[in-house]
Amino acid sequence: MTDTPRKVEHIIEPQLVIEGAGVLLRRSFGPSRANLFDPFLLFDHFAFNDPNEGPIRGFPMHPHRGIETFTYILEGNVRHRDSIGNAGVIGPGDVQWMTSGGGIMHEEMPARSPDGRVLGFQLWVNLPAALKMSQPRYQEVNSADIPQTESDGVSVRVVAGEYKGSRGPVTEIAAGPLYMEIALQPGAEIRLPVTPGHAAVAYLFEGEGLFGVEDNGDGEFVQAVRMIIFGDGDHLRVQAGPGSPARFMLMTGAPIREPIVPYGPFVMNTVEEIQQALDDLRNGTFVREGAAIPS
Ligand code: CO
């Protein structure tokens with residue numbers, strides 16, 4: 001696997017779905033037993049840029065178990081609160097990494113920026129069986145604390161993992177992910193190492209470019225908005241189109257390689273564990289004692 005460029009394996013056109021209390025999203029993939037993108041379970045893109053869409057209803061209080069969710073906001077904000085005592089606003093450029101572990105209840109309510117826009121992403125990452133019932137945990141990082149590198153028309157914000165000596169502030173995630181926002185000026189190229197065997201996907205939300213560029217210059221030309229799934233290899237190259245920039249999220253992670261049973265906001269390993277989550281919700285034992293939701 002030395003010096004093997006990762007080629008594009010699939011390109012997914014995100015589908016419009018309605019979630020929460022009536023929020024229109026672009027979903028690239030959702031949790032399924034096939035678990036094709038292990039350790040990644042779901043990727044949603046929320047964008048509300050039309051004032052005619054009216055108020056954004058958001059995601060009122062709901063449970064999660066067995067996963068980590070990662071929210072990255074570029075425009076507008078998301079007000080949130082949860083059962084482990086956190087409350088606040090995720091603003092432009094901020095990130096929130098939530099480890100549901102054995103159980104968390106939280107609320108996520110997007111709001112428009114002054115010019116009426118909302119742009120953000122949510123990624124779900126699986127937890128291994130040994131951590132599915134762990135203590136819930138939460139990491140919030142302000143925009144100013146996310147390292148940004150700029151060189152030769154390549155701009156990279158490193159949220160998790162490492163790029164050219166910059167280390168992302170989100171750490172201790174089971175899947176050992178790399179999570180970066182990348183902006184390429186027209187014609188600019190990024191080449192970065194990716195651990196062989198790890199899943200690698202890119203979400204192109206603006207512009208166009210050549211993805212999975214090989215040594216001979218071949219690659220797959222992709223235009224926004226698309227989810228790109230890469231095959232295996234030890235590095236990955238993307239080149240913006242000659243007349244267009246490209247802006248995308250790049251995510252890689254170690255596959256967990258366990259059977260999964262997804263059910264709504266829960267992703268467990270067996271049907272019995274899903275049944276247990278539903279019983280716990282019904283019996284009021286889903287969230288550990290002593291936890292409180294800030295008002
Ligand atoms: Co949630």
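Please read these numbers as outputs of a predicted model, since none were measured by experiment.

Rules used in this analysis
- Residues numbered from 1 in each chain as written.
- Predicted model: local features only at pLDDT ≥ 70, side-chain atom pairs only at ≥ 80, totals over all residues.
- Heavy atoms only, no water.
- Core = buried A, V, L, I, M, F, W, Y, C linked by side-chain atoms within 4.5 Å.
- Buried < 20%, exposed > 50% of the residue type's maximum accessible area, 1.4 Å probe, protein only.
- Helix = DSSP H or I, 4+ residues; strand = E, 2+ residues; numbered from the N terminus.
- Contact = heavy atoms within 4.5 Å.
- Donors = N, O, S within 2.8 Å, 3.2 Å for Na, K, Ca; no water.
- Tetrahedral: all angles 85-135°; square planar, octahedral: opposite > 155°, others 65-115°.
- Pairing = 2+ DSSP bridges.
- Axes fitted to C-alpha atoms, helices over the stretch in contact; angles between N-to-C directions.

(A) Local environment of the nonpolar core. In terms of nonpolar packing, the biggest core is built from 31 residues, with Phe-121, Tyr-179 and Met-251 touching the most fellow members. Going through the elements one at a time, β4 (40-47), β6 (67-75), β9 (95-99), β11 (119-126), β14 (154-160), β19 (199-211), β21 (226-230) and β23 (246-253) are the ones with two or more residues in this core. What Met-251 contacts, discounting residues up to four positions off in sequence, is Phe-40, Phe-43, Leu-123, Leu-178, Tyr-179, Ala-199, Ala-200, Val-201, Tyr-203 and Met-227. Counting 26 residues, the second-largest nonpolar core is a separate cluster that includes Val-8, Val-158, Ala-200 and Leu-236.

(B) Geometry of the coordination of the cobalt ion. In this structure, His-62 (NE2), His-64 (NE2), His-106 (NE2) and Glu-108 (OE) serve as the protein donors to the cobalt ion, at separations of 2.1 to 2.6 Å. With four donor atoms in place around the cobalt ion and angles of 83 to 179° between them, the coordination shape is irregular. Between the donor residues of the cobalt ion, the gaps in sequence give the motif H-x1-H-x41-H-x1-E. One exposure class covers both His-106 and Glu-108, and it is buried.

(C) Spatial organisation of the sheet that holds β6. One open sheet holds the seven strands; their spatial order is β2-β3-β4-β11-β6-β9-β12, and the pairing between them is antiparallel. Edge strands, defined here as strands with exactly one partner in the open sheet, are β2 (15-19) and β12 (137-141). Mean inter-strand twist for the sheet, computed between neighbouring axes without regard to direction, equals 20°. Where β9 lies against β12, five bridges are found, and the strand directions are antiparallel. If you follow Val-95 over to β12, its bridge partner there is Val-141.

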